[in-house]
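Residues per chain are reported as follows:
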Amino acid sequence: MIGKIRLSAPVRRMLAILARLRFGSLRTRIAVLYASLFAVVLATVVSLAGGGLVHFVEASAARDLEANARVFDEILASRSRQMSDQADVLARDFGFREAVATGDELTIASALASLEARVRSDTAFVLTLDGEVLAADGSGIPAPDALWQRLDAGETRGIIALGDGLALAAAAPINAPDLIGWLVIAQPLDRAELDRLVELAPIAVDARVVEATRQPDWLRSAKAGAVFEREGYERFLFHVSDLAVLQNGIPPRLVLRHSLDQSLAAYSGLEWLLIGLALGGIVLVLGLSWRVARSVTEPLQQLDEATRLIGEGREVALAIRTEDEIGRLAASFNRMVVAIEERERQIIHVGLHDGLTGLPNRKLFTEQLTTILARRRDNEKVMIAYVDLDDFKMVNDTLGHPAGDALLRQLGEDLRADLPEALVARLGGDEFAILIDGIEEGDSLGSLADQLLQCFDRSIEVDGQHAKCGASIGISLAPGDGNDGTTLMKNADLALYRAKGEGKSTYHFFEPALDEAARQRRQLEIDLRAAINEGGFELYFQPLYCVAEKRLTGFEALIRWNHPTRGQISPIEFIPLAEETGLIVPIGEWVIREACRIARDWPTDVSVAVNISPKQFSYAGLASTILQALASTGLSPKQLELEITESIFIANIERTLATLHSLRNLGVRIALDDFGTGYSSLSYLRSFPFDKVKIDRSFVEDLGSSNGHAVIRAITTLADALGMETLAEGVEKIEQFDVLEREGCRYIQGYLFSRPVAAHAVADLLEEGAGYQQQLCA
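Per chain, residues are indexed from 1 in the order of the written sequence. In keeping with the model being predicted, local features are shown solely for residues with a pLDDT of at least 70 and side-chain atom pairs are shown and tallied solely at 80 or more, while totals for entire chains, interfaces and linings include all residues. Side-chain measures were taken over the full set of non-hydrogen atoms in the model, leaving aside hydrogen atoms and water.

**Comments concerning unusual backbone geometry**
Where we set the bar: To qualify as a helix, a DSSP run of H or I must reach at least 4 residues; to qualify as a strand, a run of E must reach at least 2; elements of each kind are numbered from the N terminus. Residue exposure (1.4 Å probe, protein chains only): buried if accessible area is under 20% of the type maximum, exposed if over 50%, otherwise partly exposed.
At the junction of A176 and P177, the peptide bond is cis and its omega measures out at -15 degrees in the coordinates. Position of P177 relative to the elements: it lies in the loop between β4 (165-175) and β5 (179-188). With an omega dihedral of 10 degrees, the bond running from A478 to P479 counts as a cis peptide bond. Note that P479 resides in the loop between β15 (471-478) and α16 (485-502). Phi at K550 takes a positive value of approximately 55 degrees, unusual for a residue other than glycine. Turning to its location among the elements, K550 is positioned in the loop between β17 (537-546) and β18 (551-563). Positive phi, normally seen in glycine, also occurs at D674, with a value near 55 degrees. Inspection of the secondary structure puts D674 in strand β22 (residues 669-675). Look at D674 and you get partly exposed, because its relative accessible area is 25%.

**Examining the sheet that holds strand β10 (residues 381-389)**
This is how the line gets drawn: The pairing criterion for strands is at least two bridges between them, as found by DSSP. Geometry is summarised by axes, namely lines fitted to C-alpha atoms with helices restricted to the contacting stretch, and by angles between N-to-C directions that run from 0 to 180 degrees.
The five strands lie next to each other as β11-β12-β10-β15-β16, forming an open sheet whose pairing is mixed. In the strand order of this sheet, the two ends are held by β11 (423-428) and β16 (507-509), each with one partner. Mean inter-strand twist for the sheet, computed between neighbouring axes without regard to direction, equals 20 degrees. Inspection of the sheet shows β11 paired to strand β12 (residues 431-439) by five bridges, in the antiparallel sense.

**Structural notes on the environment of G140**
What counts is decided by this rule: Here, residues are in contact when the closest pair of their heavy atoms is within 4.5 Å.
Structurally, G140 can be placed in the loop between β2 (133-135) and α5 (144-152). Counting along the chain gives 17 residues from G140 to T123, while the straight-line C-alpha distance between them is 9.5 Å. The residues touching G140, leaving out its near neighbours within four places in the chain, are A161, L162 and G163.

**Topic: helix α22 (residues 653-665)**
Heads up, the rule is: Residue count minus one, scaled by 1.5 Å, sets the expected span of a helix. Our arc is simply the arc of the directions from the helix axis toward the C-beta atoms.
Counted at 1.5 Å a residue, the expected span for α22 with its 13 residues is 18 Å, and the 18 Å between its end C-alpha atoms agrees. Along α22, the residues classified as buried are T656, L657, T659, L660 and L663. The arc enclosing the buried residues of α22, seen along the axis, measures out at 160 degrees, which places them on a common side. Counted as exposed and oriented over 90 degrees from the buried face of α22: E654, R655 and N665. Once α22 finishes, G667 follows within two positions and takes phi at roughly 100 degrees, a positive value.

**Points about a nonpolar patch on the surface**
Worth spelling out the cut-off: Without a salt bridge and with relative accessible area above 30%, a residue can belong to a patch; like charges are then joined within 9 Å and nonpolar side chains (Val, Leu, Ile, Met, Phe, Trp, Tyr) within 5 Å. All accessible-area figures derive from a Shrake-Rupley calculation using a 1.4 Å probe, and residue coverage is judged against the displayed protein chains alone. What counts as a salt bridge is simple: a side-chain nitrogen of Lys or Arg found within 4 Å of a carboxyl oxygen of Asp or Glu.
A surface patch of nonpolar side chains, amounting to about 360 Å² of accessible area, comprises W272, I275 and L279. Residue placement: I275 occurs in helix α9 (residues 268-296). Judged by its relative accessible area of 36%, I275 falls in the partly exposed class.

**Some points on the sheet that holds strand β3 (residues 157-162)**
Across a sheet, strands are paired by hydrogen bonds formed along the backbone, either parallel or antiparallel in direction. Taking strand neighbours across the sheet as the criterion, the five strands line up as β2-β1-β5-β4-β3 in an open arrangement whose pairing is antiparallel. Strands at the two margins of the open sheet, each flanked by one partner only, are β2 and β3. Strand-to-strand twist across the sheet, computed as the mean angle between neighbouring axes with direction ignored, equals 35 degrees. Pairing of β3 with β4 involves six bridges; the strand directions are antiparallel. Bridged to L162 within β4 is G165.

**Remarks on the nonpolar core**
For clarity, the cut-off: Among buried residues, those of type Ala, Val, Leu, Ile, Met, Phe, Trp, Tyr and Cys that are joined through side-chain atoms within 4.5 Å constitute a nonpolar core.
One finds L640, I644, L660, F690 and I748 to be the most contacted residues of the largest nonpolar core, which totals 74 residues. Ranked by the residues each element gives to this core, the list is headed by helix α19 (residues 584-599), at nine residues. The contact partners of I748, leaving out residues within four places of it in the chain, are P543, L544, Y545, V547, A728, V731, F737, L740 and F753. Of all hydrophobic cores here, the second largest spans 41 residues; its members include A91, V126, I203 and V245.

**A short note on helix α15 (residues 445-456)**
Over its twelve residues, α15 extends 17 Å from the first C-alpha to the last, a length consistent with the 16 Å expected when each residue adds 1.5 Å. Within α15 the residues assigned to the buried category are L445, L448, A449, L452, L453, C455 and F456. Buried residues in α15, looked at end-on, bunch into an arc of 155 degrees, giving them a common side.

**Some words on the packing of aromatic side chains**
For clarity, the cut-off: Two aromatic rings, drawn from Phe, Tyr or Trp (for Trp, its six-membered ring), form a pair once their centres lie within 6.5 Å of each other, and the interplanar angle then sorts them: stacked below 30 degrees, edge-to-face above 60, tilted otherwise. Lysine and arginine charges are scored as sitting over a ring when NZ or CZ, respectively, is within 6 Å of the ring centre and within 35 degrees of the ring normal.
Counting across every chain of the model gives eleven aromatic pairs. Taking 5.9 Å as the distance between ring centres and 55 degrees as the angle between the ring planes, the aromatic pair formed by F537 and W561 counts as tilted. With F537 in strand β17 and W561 in strand β18, this residue pair connects regions lying 24 residues apart in the sequence. Ring centres 5.3 Å apart and planes at 80 degrees place the aromatic pair F541 and W602 in the edge-to-face group. Of this pair, F541 sits in strand β17 while W602 sits in the loop between α19 and β20 (607-611); the two residues are 61 residues apart in sequence, bridging distant segments of the chain. Here F541 matches W602 in class, with each residue buried. Put simply, the rings of F537, W561, F574 and W590 pair up and form one aromatic cluster. Looking at K692, its charged tip hangs above the ring of Y747, at a distance of 4.6 Å from the centre. For the cation-ring pair, R755 lies above Y751, with the distance from its terminal atom to the ring centre recorded as 4.1 Å.

Keep in mind these numbers describe shape, not what the thing actually does.
Take a look at the structure:
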């Protein structure tokens, strides 16, 4: 329900005075009335804005203080976790546990001093079950009885009293194997520490940690986690947080205080600015109202009539009889009518054409196709060609998006010149469509397709650099491949997909089998998604043989898909589809988790290698996925090896190197797979210190020639010089093994040792590992 607006008494008196005033002319009445109403509205707005500004400042300060409190709590919690992790590492150390068990005070003191230096802590001590405190300096440490109850209850983080102040503490149990004591780390929460935390705050705050016994009544009764205001000689906002304790009898609270008066003072200048703007606005409106009143009265009827005619869709042109305001208004009105007509034409053009190239867009292409099909004669054919530029992404990645746009504009101009009788449209991105009608029965369709392909086979200069342009083309024909635009465009798209699969710079005519192939591909994608959700994959493992140690030192994880109806589906069939649809990311995450889960049961000197696809490598959450897999399974990072290919360097080398270094920081090993198959293999070895280089199987197959020996020798020599290990894959013959061993290759992988086996068979391979050397020697 709409309520009545209640105006203040001064505003009501002003309106009453204006109602009684009478002015001699309409011009004066309009000017004074508009200016007065504007003044009333502006005064109301300024008043509301001032009150809203104060409320906004108060609410913003409260939100900032509450957010800052959460930041403080998170920082304290994070520091507690860090201290707890460091304490847990030392408490698990065998030497330290032995020292505590035997009472070796020198070793304990040395370990505690090292821990204090490592975590930048002031105090670290051991609390034994006998109530004894072992520390380099025991002064200020609380009595053991005050800590036991919390520790026995399973609490390991919280505040303790340390000397005359409070400290943030974390404890870790010392088991050998039963509990023999607790290791406690403490970091004082003194004024300097709190001041460092305050520097992180977005607003000026004062932080204190206060014990309950030292808190005033109003603070002790305050609700934790809420922002409240307390007024005195100055207005303050407070926020109180209860802190976890590790010692009985000291319930501390974190108190944050922010001066509300200071926040309001920062906005006082804005209030005066609003008042000044309001006064200036009133003066400006008074002058403008006077001018508007002069120009409105006389041409009102003429403009009203002209507007009515425009509404009826008729052409209107006002006669300009004078050069004063009325004449200029009439001229402006005429220009407005012309501009409206021009904008209507532009809107129609923009709606039917591509903004970058000026070519028709999909909507206009579809409309023209429908029209041409409707008037096609029985003895004529209509060709629809779908075009996708080859390696256009490479142009954007190497030369930049402006260069890619320039290439598309230049290509659009060339296509208009080369195909003047055809309808050329840009569908979006690097996709084009071409419509050619009037094709007679005897015309050569192959020659026409070759002509289309040649239109795209050219080198275009973009910003002084030459960009190679090529295209893949899919072609459908009416009436043979369909009689309506939707069917013809779908079939041309299917033909384009086949053309791209056959290689670059080629074309393919639609065939009915393509429709079936597309259906099978869609079904395979559906089955692939179901396999991800239902756990339809399995990992097999192929052993990696170390030549120097003469044993199996690792396995490569290989995915297998046992389809419920089709049986085993080769990775060669479903991995490219997973890459194209983006499903490779969840599949790759599952492979990492499953490989780590299985490998945790292997000996600690046996590693597992996992392939990382280019799309998975570019995924921002890769490092997090690996870290979670290692943490959840307990697998050591040094047992996990990630295999990447040279193709990851194509898009953005700097970003790729940053990702590689972040993965290396996790402690995992990085291997360069399929080395030697790219164009810049040596430059990639210089860019990043890989742990291992995997020699592509094509070089192993070429070992029958002398050149093959030289290539292997060159790769192993280069890898040794760079401190990298080498692995040859695809080894199937003992003669190949002998050559690789002689040329210095460190690791061997292939059917010579074993085909990929299921996870349960890995243990048998490890037990039989000693027999491989006898087999090789035999």
